[in-house]
Amino acid sequence: MTARVGVITFPGSLDDGEAGRAVRRAGGEPVALWHAQRDLRGVDAVILPGGFSYGDYLRCGAIARFAPVMGELVPAARSGLPVLGICNGFQILCEAHLLPGALTRNAGLRFVTRDLRLRVENARTAWTRAYSDGEQITVPLKSGEGAYAADAGTLADLRAAGQIVISYASGNPNGSADDIAGVCNAAGNVVGLMPHPEHAVSSLTGPSADGLGFFTSVVAGVLA
Amino acid sequence: MSHVDTVSRAAAAPDTPQPFAELGLTEAEYGRIVATLGRRPTAAELALYSVMWSEHCSYKSSKVYLRQFADKAPPSSALLAGIGHNAGVVDIGLGYAVTFKIESHNHPSYVEPHQGAATGVGGIVRDILAMGARPVAVMDAIRFGAADAPDTARVLPGVVSGIASYGNCLGLPNIGGELDFDPCYAGNPLVNALCVGVMRHDDLQVAAATGEGNQVILFGSTTGPDGVGGASVLASAVFGGSGETAKRPSVQVGDPFMEKLLVECCLELFARGLVVGIQDLGAAGVACATTELAAAGTGGMAVRLDAVPLRDPSLGPPEILMSESQERMMAVVEPARVAEFLDVCAKWDIRSAVIGEVTGTGRLVMTWHGETVVDLPPGSAADGPEYQRPAERGADQDALAADDPAALPRPSDGEGLRAALLALLSSPGLADKSWVTEQYDRYVRGDTVLAMGEDGGLLRIDEATGLGIALATDGNGRYCKLDPYLGTQLALSEAYRNVAATGARPLAVTNCLNFGSPADPAVMWQFAEAVRGLADGCAALGVPVTGGNVSFYNQTGSTAIHPTPVIGVLGVHDDVRRRLAIGFASPAGDDGAAGVAGEVGAASIVLLGRTEAEFGGSAWAHVRHGHLGGRPPAPDLDAEQRLARLLAAAAEAGLLSAAHDLSDGGLAVALAESCLRGGTGCVVRLPGDPFTALFSESAARAIVAVRPGAEAPFQALCAEHGVPEASIGTIGGDELVVEGAFAIGLAELAAVHTQTLPALFG
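Residues numbered from 1 in each chain as written. Chains lettered and ligands numbered in written order. Predicted model: local features only at pLDDT ≥ 70, side-chain atom pairs only at ≥ 80, totals over all residues.

**With respect to the overall build of chain B**
Here comes step 1: In terms of regular secondary structure, chain B is built from 27 helices and 28 strands.
Here comes step 2: The globule rule puts the C-alpha radius of gyration for 762 residues at 27 Å, and the 27 Å found for chain B is close to it.
Here comes step 3: Buried residues in chain B amount to 61% of all 762 residues. (Helix = DSSP H or I, 4+ residues; strand = E, 2+ residues; numbered from the N terminus. Rg over C-alpha atoms; globule rule 2.2 N^0.38 Å. Buried ≥ 20, exposed ≤ 12 C-beta atoms within 10 Å, placed from the backbone.)

Pasting the structure below:
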């Protein structure tokens, strides 16, 4: 049996192909999901990839959250389906209220592409089990609206509940609150992160192969 | 629309004065139009001819020279489509073909930096798409006035954000380019965008309207008044009453999201075989697309201009023809396939409209609500005038050549050499470019192997075999100012060498020729010399020119920019897993450039090529003395070829852990860059005069790091290829040490290198 991992393509999605490639590299079978179809095709997990859905002309992710496929995804995620949002996918998950907080313009007001050291803060989620708590990995960031923001109470709750999954370990590239690079929901099945692990699955085309663990985590979890 | 000028009205009122001069046409050109038509043109026809015969679209001042690219082209089995197409197409093996082209968007980027640069990216991407290829990467060669000039602080951030926002949102990795500064570009920044696309051989599309009865479909964005420069002049000067059309800026506004949908839509249309012919809409919009499709096909086309979807209902025929609204394409489709074509467009939320059909009349006829407003032979507009403008070597060339940099004071001790290197490394043209390149996504699509900071960009094309392509662009206005023939060959040599330094084999050339006004005989001489130099250089190197672009009028008043041909070279890499990168790195156990696990001992640094005392136009003379004079370095195309073959062979044999070409700032800057890139120092001993060894800019040179144990086979390979080699040191430590002269810690080197652009631009 092979884990079937859906990758949703919205108009303007860009890293859908790379997310699928990372799933295959991790031993899973990528399944293409189309924004306009209210159908998850029976997949075991779903990735919302990076990109600029609908051009990000409105608030990032604000239009994509209303796509027909989201009508299926939101209840499935609430029932425990593993869901990973990367960059624009993270923004969509926040807009869909599957994850707390929001992503705002980078502190420098410029798009930032940079290879970063990240720290795995919670290695118990559906998407981070292949790592260990405190492990440091190198993964690229590439975004213009990646500053994580939430009110003080939410940040304290996230910290207390272990919902901060990934943090920036060597300098804060975009002004994110508490150096937060990724968070999860209370159940740990829905994870969102701004850095791009799908671009760190081979040192030929990325800064490292450190990102592969996100994909092997979910593939192993589905089969367990 | 009673104000519309029809063909019958033109015949009935032959003496109506027409604003041809305001539209940029000469009296003689206007006379030629009247003679062709046998009557005065309608307003729509005048609009069409004026844009088709503009310098930008017709190449009327340059084409007598550009023929050399075809006439002198070396035999190449790799060329599938050459000059004259939207972009050249090159066979790279395994059934893959690659198409690439570079184009300028200089003036719009000065007027409105963000949108000007953004739409420059959009335009070149559509050129590549129209060939049938999937666009896979972009590069940008950008040049500005003095780095500390107030206007540069206005123009540069906007240009960079425009390139970034369009390319990033479109999902194309930016894999390199150039950034330079010189006061000569104040008021005339150069923004040259390159795009490369990949297809299978049989995906090649043609830009021709053939097959009587086939339908002409316009799809993509709606048509608005953006980019309509002269049409409002036309409307108000001749016919009055059109004053209700709001004046809008003549720089176009880009919508990269629409372009992303258009790319995916076109690729699906191609895959389903729904397209007979296709053309992108760029400069001159509908006028150019209809004229060129018809002229390249069977000649006849009937177009209903009132069927063009508009975003501003007040537009009339001249404005519709001239509009440069972005993100539009035009296709020729068999009638039986039209419904399926429109369905695919609808799937991608792309607006489409049948606006005409191919006819057997041999004439391009356009109607507006039933009345004929255009009726002309399309070839007459597509093949515009051709001028042999006066060209004469500038009066200042002799004085420039006589002003030899040998007279400049040179550093005589280690302290002076050290200071010179640090000054070069912190100068805006040679400083670390991260402030710019961090704004570009180099990762998207997942096939980027090398990108900015390296000698060339390198993309994986075929995952199974590692087949890939390398690309580099280079230009050097200072060299070209001293001698445009040699300077252009030096730019070609550097781009060729940069591609070779990745381990790839150079295959083909594109060019963007940035010059002043063609009305100035000294500029025309520079242009003629540059084209001759490039054509001769390509013939000597065995790489054909596959296409390019000319940008004239880059001047303010009577002062032209330095002649700045920017040359792009494409190479094929047999296996990108064996790529060469510039960084000096300790053995790390990683695959590829960082070394091989278990290696013992330090990699040795070998200098390839011959170094002469050549400082004319050098970075040292420019940065330390503000000097430009003498002769540029002598190109040596035969030596470039031997060096390139050596690097490809050494990469294939796995003998090297790094390679870096020598160019601006010579060996000194190259060593510093390799140390910083890999995070490892080096110790070198220099043969001969240390100043010449460090800062001369002799061509056909590179440094390589030879893997421990590979010294003897590499030396033998150098001998076999006839490349002079000198072992000058070893990699290691955390300092750049030039024995007997100076040592600089990597931390100081990095601080000096990285501080400049953030200090200037925030």
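What follows continues from the structure just given.
**Describing the sheet that holds strand S14 (residues 448-450) of chain B**
Residues and elements named next belong to chain B.
Here comes step 1: Taken together, six strands build an open sheet; the order of strands is S14-S15-S16-S21-S17-S18 and the sheet is mixed. Here the strands that pair on one side only, and so sit at the sheet edges, are S14 and strand S18 (545-551). Averaged over all adjacent pairs, the angle separating strand axes in this sheet is 20 degrees, with direction ignored.
Here comes step 2: Sheet analysis places S14 next to strand S15 (residues 457-460), joined by two bridges and oriented antiparallel. Residue pairing in the sheet places Leu450 in a bridge with Leu458 of S15. (Pairing = 2+ DSSP bridges. Axes fitted to C-alpha atoms, helices over the stretch in contact; angles between N-to-C directions.)

**Looking at the packing of helix H7 (residues 113-130) of chain B against helix H10 (residues 256-271) of chain B**
To describe two helices that pack against each other, one gives the angle between their axes and the distance between the axes.
All names here are of chain B.
Here comes step 1: Contact geometry of H7 with H10 gives a least axis separation of 11 Å together with a crossing angle of 5 degrees. Relative to H10, the element H7 is oriented roughly parallel. Residues Gly122, Val125 and Leu129 of H7 form the contact with H10, whose own contacting residues are Pro256, Glu259, Val263 and Cys266.
Here comes step 2: Each residue belonging to the contact of H7 with H10 can be placed in one class, and the counts come to five nonpolar, one polar and one charged. (Parallel < 35°, antiparallel > 145°, perpendicular 65-115°, else oblique. Contact = placed C-beta atoms within 7 Å. Nonpolar A, V, L, I, M, F, W, Y, C, P; charged D, E, K, R; others polar.)

**Here's the deal with the interface of chain A and chain B**
Here comes step 1: At the interface, 24 residues of chain A touch 25 residues of chain B.
Here comes step 2: Elements supplying a minimum of two residues to the side of chain A that touches chain B: helix H1 (16-25), strand S6 (112-120) and strand S7 (136-143) of chain A.
Here comes step 3: Of the residues that constitute the side of chain A that touches chain B, the class distribution is nine nonpolar, nine polar and six charged.

**Observations regarding the confidence of the model for chain B**
Residues and elements named next belong to chain B.
Here comes step 1: With 94% of its residues at a pLDDT of 70 or more, chain B shows a mean pLDDT of 93.
Here comes step 2: This model gives residues 230-247 a pLDDT under 50, and the stretch forms 43 contacts once residues within four places in sequence are excluded.
Here comes step 3: Here residues 588-598 is modelled with pLDDT under 50, and outside its nearest four sequence neighbours on either side it reaches 25 contacts, counting other chains as well.
Here comes step 4: At the level of chain-chain contacts, confidence expressed as ipTM amounts to 0.97, with global pTM at 0.95. (pLDDT = per-residue confidence, 0-100.)

**Regarding H7(B)**
Residue and element names in this part refer to chain B.
Here comes step 1: The end-to-end C-alpha distance of H7, which contains 18 residues, comes to 26 Å, matching closely the 26 Å that a straight helix rising 1.5 Å per residue would cover.
Here comes step 2: In terms of residue burial, H7 counts as a mostly covered element, since 18 of its 18 residues are buried.
Here comes step 3: One or two residues past the end of H7 sits Gly132, with phi positive at roughly 105 degrees. (Expected span 1.5 Å × (residues − 1).)

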